[in-house]
Every structure is written in structure tokens, then in C-alpha cells.
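Here is how the chains run, residue by residue.
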Amino acid sequence: MNDPEIYDGLTSILRQVFDDPELVATPDLSAHDVAEWDSFNHINIVVASEMRFGVSFKSSELEDLKNVGDFVALIRDKKAA
């Protein structure tokens with residue numbers, strides 16, 4: 001799975017979670033950029049991503065993520081393993 005496919009998948013997830021058809025997953029996008037991105041929606045994004053991409057995340061892996069680009073790299077690495 002390549003980065004554009006992951007970004008497309010995350011865009012779909014973000015649009016669904018935030019009910020915003022204009023939202024696009026970009027490398028620099030973070031919780032600070034989306035007003036509704038609280039801890040509850042963060043969990044929804046993580047769970048939806050695990051289901052969509054067929055991976056599992058440890059909480060320690062998620063703590064260091066600063067933006068969507070970091071999340072994409074984590075998903076890519078997990079898919080490659």
C-alpha cells in the first residue's frame with residue numbers, strides 16, 4: 001500500500017468522522033486544525049483506521065504522532081511489516 005492510497009483512505013475516514021465532505025488528509029493536518037477533533041473523535045479515527053487498513057496500534061505508537069503525515073508513515077510501516 002502506498003502513501004496516496006493511505007491518504008485517500010484517511011480522507012474518507014476524516015470526512016465521515018467529522019461529517020465534512022471538504023476535509024482532506026494532508027501531511028501537515030493535525031487535531032489543532034479541526035475544531036471537532038477531540039479525544040473521542042481521535043479514538044474514532046484510530047479505530048476506523050485499524051479496520052480500514054487491517055492494522056493494530058499500540059497507544060505508545062500513537063502518543064508520538066504530531067500530524068496526519070506521521071500517522072500515514074506509521075500505517076505504511078505496519079502494512080510493510
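As the structure is a computational prediction, the values presented were derived from the model and not from experiment.

Here is what the cut-offs are and how they apply
- Residues numbered from 1 in each chain as written.
- Predicted model: local features only at pLDDT ≥ 70, side-chain atom pairs only at ≥ 80, totals over all residues.
- Heavy atoms only, no water.
- Helix = DSSP H or I, 4+ residues; strand = E, 2+ residues; numbered from the N terminus.
- Expected span 1.5 Å × (residues − 1).
- Buried < 20%, exposed > 50% of the residue type's maximum accessible area, 1.4 Å probe, protein only.
- Salt bridge = Lys/Arg side-chain N within 4 Å of Asp/Glu carboxyl O.
- Core = buried A, V, L, I, M, F, W, Y, C linked by side-chain atoms within 4.5 Å.
- Contact = heavy atoms within 4.5 Å.
- Polar contact = N/O pair within 3.5 Å; in protein donor to acceptor, adjacent residues only side chain to side chain.
- Phe/Tyr/Trp six-rings, centres within 6.5 Å; stacked < 30°, edge-to-face > 60°.

Trainee: I'd love a proper account of helix α1 (residues 3-18), names of residues and values included.
Mentor: Taking 1.5 Å per residue, 16 residues should reach 22 Å; α1 reaches 22 Å between its end C-alpha atoms and fits that length. The complete set of buried residues in α1 reads I6, Y7, G9, L10, T11, I13, L14 and F18.

Trainee: Talk me through the pattern of salt bridges; I want residue IDs and the actual numbers.
Mentor: One side chain can pair with another of opposite charge once the charged atoms of both are near each other. Inspection of every chain in the model, using the stated rule, returns two salt bridges. Here D3 makes a salt bridge to R76, at a shortest N to O gap of 2.8 Å. Of this pair, D3 sits in helix α1 while R76 sits in helix α4 (residues 68-80), and the two are 73 residues apart along the sequence. For R76, a relative accessible area of 32% gives the class partly exposed. Here K78 ties to E61 by a salt bridge, and the two come within 3.1 Å at their closest N and O atoms.

Trainee: Describe the nonpolar core, naming the residues involved and giving the relevant values.
Mentor: Side chains of nonpolar character tend, in soluble globular proteins, to be buried together. Counting residues in each nonpolar core, the largest one holds 22 residues, and the members touching the most others are L10, L14, W37, F57, V68 and F71. Looking at this core, the elements with two or more residues in it are α1, α2 (39-53) and α4. Setting aside residues up to four positions removed in sequence, F71 forms contacts with L10, I45, S49, F57, L62 and L65.

Trainee: Describe α2, and please don't skip the residues or the numbers.
Mentor: Over its 15 residues, α2 extends 21 Å from the first C-alpha to the last, a length consistent with the 21 Å expected when each residue adds 1.5 Å. The opening residue of α2 is D38, an N-cap whose side-chain oxygen sits 3.3 Å from the backbone nitrogen of F40. G54 lies just past α2 and shows a positive phi near 65 degrees.

Trainee: So what about unusual backbone geometry? Which residues, and what values?
Mentor: Even without glycine at this site, D19 takes up a positive phi of about 50 degrees. Among the structural elements, D19 can be located in the loop between α1 and α2. Residue D19 is classed as exposed on the basis of its relative accessible area of 70%.

Trainee: Break down the packing of aromatic side chains for me, citing the residues and quoting the values.
Mentor: Counting across every chain of the model gives two aromatic pairs. A ring pair is formed by F18 and W37, whose centres lie 5.7 Å apart and whose planes are at 45 degrees; its orientation type is tilted. On the criterion of sequence distance, the pair formed by F18 in helix α1 and W37 in the loop between α1 and α2 is long-range, its members being 19 residues apart. Judged by its relative accessible area of 9%, F18 is buried.

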